Amino acid sequence: MNGSRIAAVGHYQPAKVLTNEDLAGLVDTSDEWIRSRVGIRTRHIAGPDEPVDELAAHAAAKALAAAGLTPGDIDLVLVATSTAVDRSPNMAARVSARLGIPGPAAMDVNVVCAGFTHALATADHTVRAGAATRALVIGADKMSEVTDWSDRTTCVLVGDGAGAAVVEACPDGAVPGISPVLWGSLPEMGHAVRIEGQPARFAQEGQSVYRWATTQLPPLARKACERAGLGPEDLAAVVLHQANLRIIEPLAQKIGAVNAVVARDVTESGNTSAASIPLAFSKLVERGEISTGDPVLLFGFGGNLSYAGQVVRCP
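Computed from a prediction, not measured in an experiment: that's the story for all the values here.

Draft legend 1. Spotlight on the pattern of salt bridges. Throughout the structure, instances matching the rule amount to 13 salt bridges. R194 is the partner of E205 in a salt bridge, and the nearest nitrogen-oxygen pair spans 4.0 Å. Pair noted here: E205 is in the loop between β10 (201-204) and α7 (206-227) and R194 is in strand β9 (residues 193-196), with a separation of eleven residues, a long-range link. Classification of E205 by relative accessible area gives partly exposed; the value is 30%. Through salt bridges that share partners, R5, R134 and E168 make up one connected network.

Put into structure tokens, the structure is as follows:
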């Protein structure tokens, strides 16, 4: 039980970009109003012919290529998503079929915005137990499909995209690249973030989520660092769920990661739910803002008022 590590990451966003000015033509809002309240400038929106599994497969293919692996090297596929339209086949099976992965265990994980970090922990546990050799862990959501585009309180927030990571066993004697997860939830507060109804629509109690995230999550994020044997000041980067810049910045400050790069991908991608952490993480790696072996805190939070965080080593 040598632990696991992230071998490579990848991400994908649809080509269509929706600006704040575009939104001002749909609802009573403005670029200044949106930037001042949530910090978002643009977001990517998938078309009707771009389903969630297609977004996920593009990101996964990039992660596989970066790892120098083929689909046949993967024996576990986990897709974190809350915007799957159909119940079966699940997203993991659809992605596996798109990529030509032969005979994997294929499961979806629905913990909304904390889905990727839950799925990453599940892959880590599975590899540690010897039940899988290499896993594809994907966060993918098409939030545009569950959004009321006449509601200015929610439509200004969302975007579509996917991010992926290849998780594999560490070589003998190597330090684990994924630290123990800290996770939990407040199920009695599940009503604070919802995707429900027919047709399904995204809604949230913004002030409740803001207060919870900025007051209750900092000590939990620090505890996730403790489980890695690190202090917040040792982190090279912090990648929080990209919900809202007004949540990300005070939360990062309260964690105490004074030397860390703080991911702010929300400004150009919006809230992409389960995709937000792997998308932002992959961009930091791609731009060279963090280096191989750097400790990075990934911390997801949101729907169900769930949270999950772990320190990983940059691939």
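From this point on, the discussion continues.
Draft legend 2. Main features of the environment of V27. Turning to its location among the elements, V27 is positioned in the loop between α1 (20-24) and α2 (31-38). Each C-alpha atom of the pair V27 and G103 lies 47 Å from the other, and the pair is 76 residues apart in sequence. Ignoring anything within four residues of it in the chain, the contact list for V27 reads W149, S150, D151, R152 and C155.

Draft legend 3. Looking closely at the sheet that holds strand β7 (residues 160-169). Spatial ordering of the open sheet is given by β1-β7-β6-β4-β5, a layout of five strands whose pairing is mixed. Of all the strands in the sheet, the pair left with one neighbour each is β1 (4-12) and β5 (105-109). When the angles between neighbouring strand axes are averaged without regard to direction, this sheet yields 15°. Where strand β6 (residues 134-142) and β7 come together, nine bridges link them in antiparallel fashion. By the bridge assignment for β7, D141 is matched with G161.

Draft legend 4. How the structure looks around the nonpolar core. With 46 residues, the main nonpolar core has L217, L235, L240, L297, F299 and F301 as its most contacted residues. Residue assignment for this core shows that the elements contributing at least two residues are α2, α7, β11 (237-240), α8 (245-255), β13 (295-302) and β14 (306-313). For this core, the element with the most residues is α7, which contributes seven residues. Every residue in contact with L235, bar those within four places of it in the chain, is listed here: C225, A257, N259, A260, P295, V296, L297 and V311.

Draft legend 5. How the structure looks around α8. Inspection of α8 places L245, I247, I248, P250, L251, A252 and I255 among the buried residues, and these make up the whole buried set. Residues of α8 that are buried sit in contact with α2, α7, β11, β12 (261-262), α9 (266-269) and β13. At the N-terminal end of α8, a side-chain oxygen is found 2.7 Å from the backbone nitrogen of R246, two or three residues along, and the residue is N244. Just downstream of α8, G256 is the residue with a positive phi angle, here 95°.

Draft legend 6. Spotlight on the environment of A121. Mapped onto the elements of the fold, A121 is located in helix α5 (residues 115-128). Each C-alpha atom of the pair A121 and G309 lies 8.6 Å from the other, and the pair is 188 residues apart in sequence. When near neighbours in sequence (up to four residues on either side) are disregarded, A121 contacts V181, W183 and Q310.

Draft legend 7. Layout of the packing of aromatic side chains. Enumeration over the complete set of coordinates arrives at two aromatic pairs. Here the aromatic rings of W212 and F301 are separated by 6.3 Å at their centres, their planes lie at 70°, and the arrangement is edge-to-face. Placement of W212 in helix α7 and of F301 in strand β13 is noted, with a sequence separation of 89 residues between them. Here W212 falls in the buried class, since its relative accessible area comes to 7%. Summarising the aromatic geometry, the rings of F299 and Y307 are spaced 6.4 Å apart at their centres and angled 5° between planes, so their arrangement reads as stacked. Across the pair, exposure class does not vary: F299 and Y307 are buried alike. Seen from the ring of W33, R152 lies directly overhead, with NZ or CZ sitting 4.5 Å from the centre. Taking NZ or CZ as reference, R246 lies 5.6 Å from the ring centre of Y210, over its face.

Draft legend 8. Up close: unusual backbone geometry. The peptide bond linking S88 to P89 adopts the cis configuration, its omega dihedral lying at 0°. Mapping P89 onto the fold places it in the loop between β4 (76-80) and α4 (91-99). Residue P199 is reached from Q198 by a cis peptide bond, and omega for that bond is 0°. Its location among the elements puts P199 in the loop between β9 and β10. Even without being glycine, V112 reaches a positive phi, approximately 50°. When you line up the elements, V112 lands in the loop between β5 and α5. Here V112 falls in the buried class, since its relative accessible area comes to 13%. Phi at S273 takes a positive value of approximately 55°, unusual for a residue other than glycine. For S273, the location among the structural elements is in the loop between α9 and α10 (276-286).

The rules we used
Residues numbered from 1 in each chain as written. Predicted model: local features only at pLDDT ≥ 70, side-chain atom pairs only at ≥ 80, totals over all residues. Heavy atoms only, no water. Salt bridge = Lys/Arg side-chain N within 4 Å of Asp/Glu carboxyl O. Helix = DSSP H or I, 4+ residues; strand = E, 2+ residues; numbered from the N terminus. Buried < 20%, exposed > 50% of the residue type's maximum accessible area, 1.4 Å probe, protein only. Contact = heavy atoms within 4.5 Å. Pairing = 2+ DSSP bridges. Axes fitted to C-alpha atoms, helices over the stretch in contact; angles between N-to-C directions. Core = buried A, V, L, I, M, F, W, Y, C linked by side-chain atoms within 4.5 Å. Polar contact = N/O pair within 3.5 Å; in protein donor to acceptor, adjacent residues only side chain to side chain. Phe/Tyr/Trp six-rings, centres within 6.5 Å; stacked < 30°, edge-to-face > 60°. Lys NZ or Arg CZ within 6 Å of the ring centre and 35° of its normal.

Honestly, it's all geometry; don't read function into it.
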